[in-house]
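Architecture and fold: a report
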Amino acid sequence: MANLTPTPDRPGLHVSKPSPDTPATGSAVCHCGASATATGDSQVKALVEGYTANHGPAHRNGGARR
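Residues numbered from 1 in each chain as written. Predicted model: local features only at pLDDT ≥ 70, side-chain atom pairs only at ≥ 80, totals over all residues. Heavy atoms only, no water.

A look at the confidence of the model for the chain
Averaged over all residues, the pLDDT of the chain equals 86, while 86% of them reach at least 70. Model confidence for the chain, summarised as mean pLDDT per element, is weakest for helix α2 (residues 56-60) at 72 and strongest for strand β3 (residues 35-39) at 96. (pLDDT = per-residue confidence, 0-100. Helix = DSSP H or I, 4+ residues; strand = E, 2+ residues; numbered from the N terminus.)

Below is the structure:
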């Protein structure tokens, strides 16, 4: 499988939770230069919410929330 971790050349959001008993991990890189990582289910949830509200999709529609 290809490496799905986002990079400055391939911005995006990646979340992994291999099994119900392991904590989730996540990483995000935006084309604006912002990046973040998180470990633990609640921290990864906050990372996803922050990325979708302020980066990735938000940049595509001019910064406004949908």
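As for the environment of Pro8
You can see Pro8 is positioned in the segment before β1 (12-16). In this structure Pro8 comes out as exposed when scored by relative accessible area, which is 68%. In the structure, Pro8 is positioned 26 residues away from Ala34 in sequence and 9.0 Å away in space, judged by C-alpha atoms. (Buried < 20%, exposed > 50% of the residue type's maximum accessible area, 1.4 Å probe, protein only.)

Focus: the sheet that holds strand β2 (residues 25-29)
Ordered in space as β1-β2-β3, the three strands form an open sheet in which the pairing is antiparallel. This sheet does not close on itself; its edge strands, each paired only once, are β1 and β3. Direction aside, neighbouring strands of the sheet carry axes that sit 5° apart on average. As defined by bridge partners, β1 adjoins β2 across five bridges and the pair is classed as antiparallel. The partner of Gly12 across the bridge, within β2, is Val29. Sitting on the sheet, helix α1 (residues 41-54) touches β1, β2 and β3, and the angle it makes with β2 is about 20°. (Pairing = 2+ DSSP bridges. Axes fitted to C-alpha atoms, helices over the stretch in contact; angles between N-to-C directions. Contact = heavy atoms within 4.5 Å.)

Details of the nonpolar core
In terms of nonpolar packing, the biggest core is built from seven residues, these being Ala24, Ala28, Cys30, Ala38, Val44, Leu47 and Tyr51. For Ala28, the residues in contact, after removing those within four places along its chain, are Pro6, Gly12, Leu13, Ala34, Ser35, Ala36, Leu47 and Tyr51. (Core = buried A, V, L, I, M, F, W, Y, C linked by side-chain atoms within 4.5 Å.)

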